[in-house]
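Structure assessment
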Amino acid sequence: MIDDDGPRRPHFGRRVGLSLLALVVAVVVVVAIVVAVRLPRASTDLADPPRGALAVSSAARGEWAVGGFTVTLGPRLRVVHPDAAAPAWETPQGEAFLTAGLGDPWIVDDAGIVRLNDRLSQAWGDQRVESAAVEADGALVLSGTLSGDDDTTVGWQLRLAEGAAGRLDVSATLTGRADRLYLAARLDAAEGVHGFGAQSAAWNLRGRRIPLLPREQGVGRGEQPLSFYMDVTADAAGDQDTSWFVSGVNVTDRARSLAYRGDAISSVDLRPDDRMIWEVWADAADFSIAAAATPLGALSIQAEWAGVAAPPPAWASSGLIAGLQGGTSALREKIATLQAAAAPLSAVWVQDWTGVQDAGTGVRPRANWTLDAQRYAGWDELVAELAGQGIRVLTYVAPWLSADAGAAAAGRGDRDLYAEAADAGYLARDDDGAVLATDQGGVTVASVDLSNPEAREWLAQVIAAQVAGVGASGWMADAGEGPPPEARLQGGVGIDWRVRWPVLWQQVNARALEISGLGAEGFVWHRSGGTDSAGAADAVWLGDQTQDWSAEDGLRSALSLTQSLSASGVAQVHGDIGGSTSIDLPIVGDVARDDELVVRWAEASLLQPVFRTTEGTRPDAAAQPAEDSRLARQIAKLARLFAALGPERARLAAQGPLRTAPQHPWILNPAERLLSTGSADDELQLGADIVLAPVVERGAEAVAATLPPGRWKHVWSGAMYGSEAGVSQALVGAEPGEPALFVRDGSPVADELSAYVAAEKALEAGG
């Protein structure tokens, strides 16, 4: 018999436990919902390219000579050239090589991270080639129709002409409703693809969809938990596909290069295992195909139209460019610390020359490009004093203006550039015609309308008068990714100008150098870029990396960015030693560099054309070489090593600007497949005779270096490594300040660096 009056406590406890469990589950669900609602959309979400069958009429089949190229059309399109290592362009057999769509985009700007989403409301995937004709100038014109599931058709035309020796120019046009154009090229399953501007996801970008839209990179870019926190609180993490600098130039493991040349929004789809697919948001697009035996040869061909920047003026590469801030007295103290460490100072970069304002996560320069003579009392005397020591002064400028900064300048009796630009109609507007205010990292600014030629000339005159006019020999030309997508400009809507904006900004700065008389002796470096920036930008820096070791946004990412830019034909690339972005967050903690990270970052920067430090966004939280005598000595030693590489840079420059770019070792040794399989992805090679394997992990004091064929001398020990027979590996010590740097035995640079090491030993012995 059951005793109804028995104890019930076990059942009560179970009910309490179940209630607590239900409460925990409810809390987790609520938090998950809040987070899901709060997290921003993906930075990029694009429709899959349409695919379909290829049908070629009998009248369109054949083989034609187009300059030095031979074009064959049958079950597929195939283009060959005697100088090419592989067919310069071939398309998947039996499948359409040109398709089309009608886009339905959704675009939003989260403080510079332009989120790009698109769906196709209509697609045309089946391609029919109806005619082929050779024009009087020798160009081959193919034409036909595209069809979709709804029985509608779109007309298309492809014009192929030899634009220069080894270069086939391809112009594709659509007629009808389509505003998305897709062009495919076959790839081997294991054929790596490299370039497309500043890409840090990987050296080999196969398996990825890469949007080519200049935009803020973000903070974290997938590194966790930092990225999660940045997105939840500020929609500001970005991702591996967000980049300040994008380019249509690329090169494959078979030295093939199919590059988009236009200024529409575009992407390249490398996810399929047998092809790349270009997407262009337009009904017409121009491409260039290079025919070359080597990757560097292909990049040289593309550089004929994209341009390539010459090396910086000699003074800029002669030693350390020290990023210093804080006012006149602070600058003198910091310079003295570096000079006491025997640092070869070529210039000081004074980012805060206009004054500073609090941006919440750090300080930013006041966006009114006039000298703050209160912060920098005695500026003219300081510039003259430094000039007497052979030290230049560099400053900072961006293509936007702040009303608050302008008012503060007016209060000091200086020009209010915001008011001037607003009165002249030179600022971007909103739908109501008012000046469009935007948040740039905690500072409210308005973009100068670079679509307006008068505004560009006004801004160039301002830079020449106010920036160069205070004695600067150059400046950081920050930002330039583009106006807000919704901005109303003289030339149209902001999003339509986004891709060409960086080049316009670079042209403004080139004009300012011309007006000021600085010319080729001036040094200006840019963050943002497009394809034509390879020639339009005098120099490029890698943007604002986070002060950590991560592959997503820290030290390791700087190597990938350098390699990808070099594989895009961008030669004059350098970075911020130590990283720029520092941030203190709950849970995540204080993300700020220490001495070790600064030294390792400096080591990784040795092969770049410029050796430049920055104090970062939170100077007081981060290690500063100019404020610590021990760290100053470490950076000074590396700056002397950088300077000792000057003669080798000069020899390489005599061979052409592309030769001066630090490259992934495979680019310079394309026959060595072992170099392209991942073991050299954290290395850089400068010319034929220098290889650097930086330390990219905290606490490591040895590194495994992958060396191209040859006999290689370890700079610090003099030990010999490597084999003429092929690629080899070497495990070498790499204590801070002595990175794994190798020079080819018997080369001129080997003798020069031996002399450097001997001089360093003498310096250490002397005290």
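Because the structure is a prediction, the values reported are computed rather than measured. (Residues numbered from 1 in each chain as written. Predicted model: local features only at pLDDT ≥ 70, side-chain atom pairs only at ≥ 80, totals over all residues. Heavy atoms only, no water.)

A look at the overall build of the protein chain
We count it as follows: Where helices and strands are cited, they refer to DSSP runs of H or I of at least four residues and of E of at least two residues respectively, numbered from the N terminus. Between the two quantities, the radius of gyration covers C-alpha atoms and the globule rule is 2.2 Å times the number of residues to the power 0.38. Three labels apply to residues, based on accessible area from a 1.4 Å probe with only protein chains included: buried if under 20% of the type maximum, exposed if over 50%, partly exposed otherwise in between. A contact between two residues is defined here by any heavy atoms of the two lying within 4.5 Å. Using the Shrake-Rupley algorithm and a 1.4 Å probe, accessible areas are obtained, with residue cover drawn only from the displayed protein chains. Under the counting rule used here, the positive set is Lys and Arg, the negative set is Asp and Glu, and His together with the chain ends is not counted. Lysine's charge is taken at NZ, arginine's at CZ, aspartate's at CG and glutamate's at CD.
Of regular secondary structure, the protein chain possesses 17 helices and 45 strands. For 767 residues, the compact-globule formula gives about 27 Å, and the C-alpha radius of gyration of the protein chain, at 28 Å, lands near that figure. Projected onto its principal axes, the C-alpha coordinates of the protein chain cover approximately 95 × 80 × 70 Å. Per-residue burial over the protein chain gives 58% buried out of 767 residues. Taking all contacts inside the protein chain whose residues are at least 6 apart in sequence as the whole, residues at least 24 apart take part in 70%. Surface accessibility of the protein chain: about 27,700 Å² in total, with carbon and sulfur atoms responsible for 51%. Looking at the protein chain, you have 61 positive and 98 negative side-chain charges, and the mean spots of the two groups are 3 Å apart.

A look at the pairing of strand 25 (residues 392-397)
For the record, the criterion: Here a strand pair is declared whenever DSSP counts at least two bridges between the two strands.
With five of its six residues buried, strand 25 lies for the most part within the structure. Where strand 22 (residues 345-349) meets strand 25, three bridges bridge the pair, whose relative direction is parallel. What sits directly across from A347, in strand 25, is R392.

Structural notes on the sheet that holds strand 43 (residues 720-721)
Pairing between the strands of a sheet is mediated by backbone hydrogen bonds and can be parallel or antiparallel. Taken in spatial order, the five strands line up as 39-40-45-42-43 in an open sheet, and their pairing is antiparallel. Unpaired on one side and paired on the other, strand 39 (684-686) and strand 43 mark the two borders of the sheet. Pairing of strand 42 (residues 712-714) with strand 45 (residues 740-744) involves three bridges; the strand directions are antiparallel. Residue pairing for strand 45: W712 is matched across the bridge by R744.

Re the packing of aromatic side chains
Stated formally: Two aromatic rings from Phe, Tyr or Trp, using only the six-membered ring of Trp, form a pair when their centres are within 6.5 Å; if the ring planes differ by under 30 degrees the pair is stacked, by over 60 it is edge-to-face, and anything between is tilted. Charge over a ring is defined by NZ of Lys or CZ of Arg lying within 6 Å of the ring centre and within 35 degrees of the ring normal.
Applying the stated criterion across every chain yields a total of 15 aromatic pairs. On the numbers, 6.1 Å between centres and 80° between planes, the contact of F97 with W156 is edge-to-face. Pair noted here: F97 is in the loop between strand 6 (89-90) and strand 7 (98-110) and W156 is in strand 11 (residues 153-164), with a separation of 59 residues, a long-range link. Given the relative accessible area of 4%, W156 is considered buried. Judged by centre distance (6.4 Å) and plane angle (90°), the rings of W315 and F523 are edge-to-face. Linking W315 in the loop between helix 3 (295-306) and strand 21 (320-323) with F523 in strand 32 (residues 523-526), this pair joins segments that are 208 residues apart in sequence. Aromatic ring contacts, followed pair by pair, group F196, Y260, W278 and F287 into a single cluster. A cation over a ring is seen here: R41 above W106, with NZ or CZ 3.7 Å from the ring centre.

A closer look at the domain arrangement of the protein chain
Short version of the rule: Note that the domain bounds reflect an automated or database-derived domain assignment.
In terms of domain boundaries, the protein chain breaks down into domain 1 (44-186 + 256-291), domain 2 (314-322 + 346-521) and domain 3 (666-765). On a C-alpha basis, the centroid separation for the pair domain 2 and domain 3 is 40 Å.

Remarks on the nonpolar core
Under the convention used in this document: Nonpolar cores were defined as sets of buried Ala, Val, Leu, Ile, Met, Phe, Trp, Tyr and Cys residues, with membership established by side-chain atoms within 4.5 Å.
W369, W475 and F611 are the most contacted members of the largest nonpolar core, which totals 125 residues. Here this core gets nine residues from one element, more than from any other, and that element is helix 14 (residues 629-644). Looking at this core, you find at least three residues from each of domain 2 (314-322 + 346-521) and domain 3 (666-765). Judged by nonpolar contacts, the second largest core, of 54 residues, contains V79, L102, F196 and A282.

With respect to the layout of surface pockets
Formally: Think of a 1 Å grid over the protein atoms and nothing else: a 1.4 Å probe that fits but is trapped marks a cavity, an open set flanked by protein within 12 Å on at least five of seven lines marks a pocket, and residues with an atom within 4 Å of a point count as lining. Grid points are joined across faces, edges and corners, and a volume is the space filled by probe spheres set on the points. Under the convention adopted here, Pro, Cys and the residues Ala, Val, Leu, Ile, Met, Phe, Trp and Tyr are nonpolar, Asp, Glu, Lys and Arg are charged, and Gly plus all remaining residues are polar.
Its boundaries defined by the atoms lining it, the second largest pocket holds a volume of some 370 Å³. Lining the second largest pocket we find 15 residues, and of these R633, Q634, K637, R640 and E764 sit closest to its centre. Residue contributions to the lining of the second largest pocket peak at five residues, all from helix 14. Of the residues in the lining of the second largest pocket, the class split is four nonpolar, three polar and eight charged.

Digging into the side chain of H194
As for its placement among the helices and strands, H194 is situated in strand 14 (residues 193-197). By relative accessible area, which is 1% here, H194 ends up buried. The residues contacting H194, other than those within four sequence positions of it, are W203, N204, N250, V251, T252, D253, A567 and W666.

Observations regarding the sheet that holds strand 26 (residues 400-401)
The three strands are arranged 26-28-27 in an open sheet whose pairing can be described as antiparallel. Two strands lie at the open edges of the sheet, namely strand 26 and strand 27 (438-440), each paired on one side alone. Of the pairings in the sheet, the one linking strand 27 to strand 28 (residues 443-447) comprises three bridges and is antiparallel in character. Pairing of Q440 across the sheet is with V443, part of strand 28.

Comments concerning the pairing of strand 11
Both faces of the sheet carry side chains from a regular strand, because those side chains alternate between them. Pairing of strand 10 (residues 140-147) with strand 11 involves eight bridges; the strand directions are antiparallel. In the sheet register, S147 faces strand 11, and the bridge partner there is T153. Joining the antiparallel neighbours strand 10 and strand 11 is a turn of five residues, in which D151 adopts a positive phi near 70°. Taken together, the nine bridges between strand 11 and strand 12 (residues 167-175) define a ladder with antiparallel strand orientation.

Details of the pattern of salt bridges
Condition: Any Lys or Arg side-chain nitrogen found within 4 Å of a carboxyl oxygen on Asp or Glu counts as a salt bridge.
A complete count under the given rule lists 50 salt bridges for this structure. Taking the shortest distance from any N to any O, the salt bridge between R180 and D118 comes out at 2.9 Å. Placement of the pair is R180 in strand 13 (residues 180-186) and D118 in strand 8 (residues 113-124), with a sequence separation of 62 residues. Each member of the pair, R180 together with D118, is buried. When salt bridges with common partners are traced through the structure, they connect R76, R78, E90, R186, D188, E191, R254 and R256 into a single cluster.

Side note on unusual backbone geometry
In this structure, the amide linkage connecting Q224 to the following residue, P225, adopts the cis form with an omega of 5°. Its place among the elements puts P225 in the loop between strand 15 (209-212) and helix 2 (226-234). One non-glycine residue, D151, adopts positive backbone phi at about 70°. In the Ramachandran plot, R221 falls in the positive-phi region, its phi being about 50° despite a non-glycine side chain. With respect to the helices and strands, R221 occurs in the loop between strand 15 and helix 2.

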